[in-house]
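Breakdown of the fold
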Amino acid sequence: MLATTTPVISIETEADIAQREALLDLAFGRAARLAKTSERLREGRKPADGLAFAAHGPDGRVVGTLRLWHVSAGPDRAALLLGPLAVHHWFRDRGLGRALMSVAISEATRLGHGAIMLVGDAPYYARFGFDPALTEGLWLPGSFDRSRFLGLELRPGALAGARGLVSPTGDVVDMPSLVELMGQEEAAELRRSA
Ligand SMILES: CC(C)(COP(=O)(O)OP(=O)(O)OC[C@H]1O[C@@H](n2cnc3c(N)ncnc32)[C@H](O)[C@@H]1OP(=O)(O)O)[C@@H](O)C(=O)NCCC(=O)NCCS
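All residue numbers refer to positions counted from 1 along the written sequence of the respective chain. Local features in this predicted model are restricted to residues of pLDDT 70 or higher, and side-chain atom pairs are both shown and tallied only at a pLDDT of 80 or more, whereas totals for entire chains, interfaces and linings draw on every residue.

1. Thoughts on the overall build of the protein chain
Numbering of helices and strands runs from the N terminus; a helix is a DSSP stretch of H or I covering at least four residues, while a strand is a stretch of E covering at least two. Along the backbone of the protein chain there are five helices and eight strands. In the protein chain, the order of α-helices and β-strands from amino to carboxyl end is β-α-α-β-β-β-α-β-α-β-β-β-α. Along the first, second and third principal axes, the C-alpha set of the protein chain runs to 65 × 45 × 30 Å. The exposure scheme places C-beta atoms from the backbone and then counts, for each residue, the other C-beta atoms within 10 Å of its own, assigning buried at 20 or more, exposed at 12 or fewer, and partly exposed in between. Across the 194 residues that make up the protein chain, the buried fraction comes to 30%. A pair of residues counts as a contact when their C-beta atoms, built from backbone coordinates, are within 7 Å of each other. Contacts in the protein chain between residues at least 24 apart in sequence constitute 73% of all its contacts with a sequence separation of at least 6.

Shown next, in the form of structure tokens:
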């Protein structure tokens, strides 16, 4: 089936999260996507402010997703990690992936970020200027295919001489503390025994 109306791209909201997760499971497979090395840089972190995008189709459902994350490219070099990018198969080959990428790159530039890195299909991302030469001196925290580890400088020289491990630097997702969790358990136990 082919969709007929152009999806609208906006900043992702909490209401989009469940549908975004379902779209990513459909596009990549849940186990496979959570096993990716790039996921080690995203898990437990919030995406960069103003850089999590959702595309909504004509019925309001999420049909495209793209987020960027704060990382350090080696010691003390701020950069962004892009991904995952996914478009629902009904909406592919109509420029939505390109539109999400264009919005993400222009917003990241406007917000003053210097560089974006990603792990993905080089033939797709080359059209946006991503190049494996820019990440030659960098490593990811797990196994990765170097020909798929790509960089883009938003500010000339932002990745020049970058060397070392890429590590996550984004804000940590708020989680209840162990004490709070134990408190909830005890409260539930009290309710049960009342
Ligand atoms: C990759 C993806 C986001 C592209 O979305 P899209 O909306 O179809 O992209 P666009 O319409 O902007 O671009 C389509 C073009 O990209 C090409 N393309 C799509 N996926 C590609 C890939 N993995 N490698 C190379 N080229 C690719 C198409 O052949 C088409 O080429 P053309 O312009 O010469 O006809 C989408 O196919 C998808 O969600 N795939 C599954 C998840 C995924 O693999 N995501 C990340 C890629 S590493």
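Here the narrative resumes.
2. A look at the pairing of strand β2 (residues 52-56)
Counting buried residues in β2 gives four out of five residues, a clear majority hidden from the surface. In this structure, β2 lies alongside strand β3 (residues 62-73), joined through five bridges in antiparallel fashion. What sits directly across from Phe53, in β3, is Leu66. At least two bridges found by DSSP between two strands is the condition for calling them paired. Counting the residues that bridge the hairpin from β2 to β3 gives five residues, and of these Gly60 lies at a positive phi of roughly 90 degrees.

3. Brief notes about the site of the ligand
Nearness here is judged by the C-beta atom: place it from the backbone, and if it falls within 6 Å of a molecule or strand, the residue counts as near that partner. The environment of the ligand is formed by 16 residues, the closest being Arg92, Gly97, Arg98, Gly120 and Tyr124. If you list the elements that add at least two residues to the shell around the ligand, you get α1 (17-28), β4 (78-87), α3 (96-110) and α4 (122-125). Here the nonpolar group is Ala, Val, Leu, Ile, Met, Phe, Trp, Tyr, Cys and Pro; Asp, Glu, Lys and Arg are the charged ones; every other residue, Gly included, is treated as polar. Of the residues belonging to the shell around the ligand, the class tally is eight nonpolar, three polar and five charged.

4. Considerations on the nonpolar core
Residues enter a nonpolar core if they are buried, belong to Ala, Val, Leu, Ile, Met, Phe, Trp, Tyr or Cys, and are joined to the set through C-beta atoms within 7 Å. With 45 residues, the main nonpolar core has Leu68, Leu80, Ala104 and Ile116 as its most contacted residues. Apart from residues lying up to four places away in sequence, Leu80 is in contact with Ala48, Leu68, Trp69, His70, Val71, Ala108, His113, Ala115 and Ile116.

5. Topic: unusual backbone geometry
Omega for the peptide link from Gly83 to Pro84 comes to -10 degrees, which places this bond in the cis form. Residue position: Pro84 is located in strand β4. The phi angle at Asp93 is positive, at roughly 60 degrees, despite the residue not being glycine. The residue Asp93 is located in the loop between β4 and α3 in this model. By the C-beta count within 10 Å, which is 9 here, Asp93 ends up exposed.

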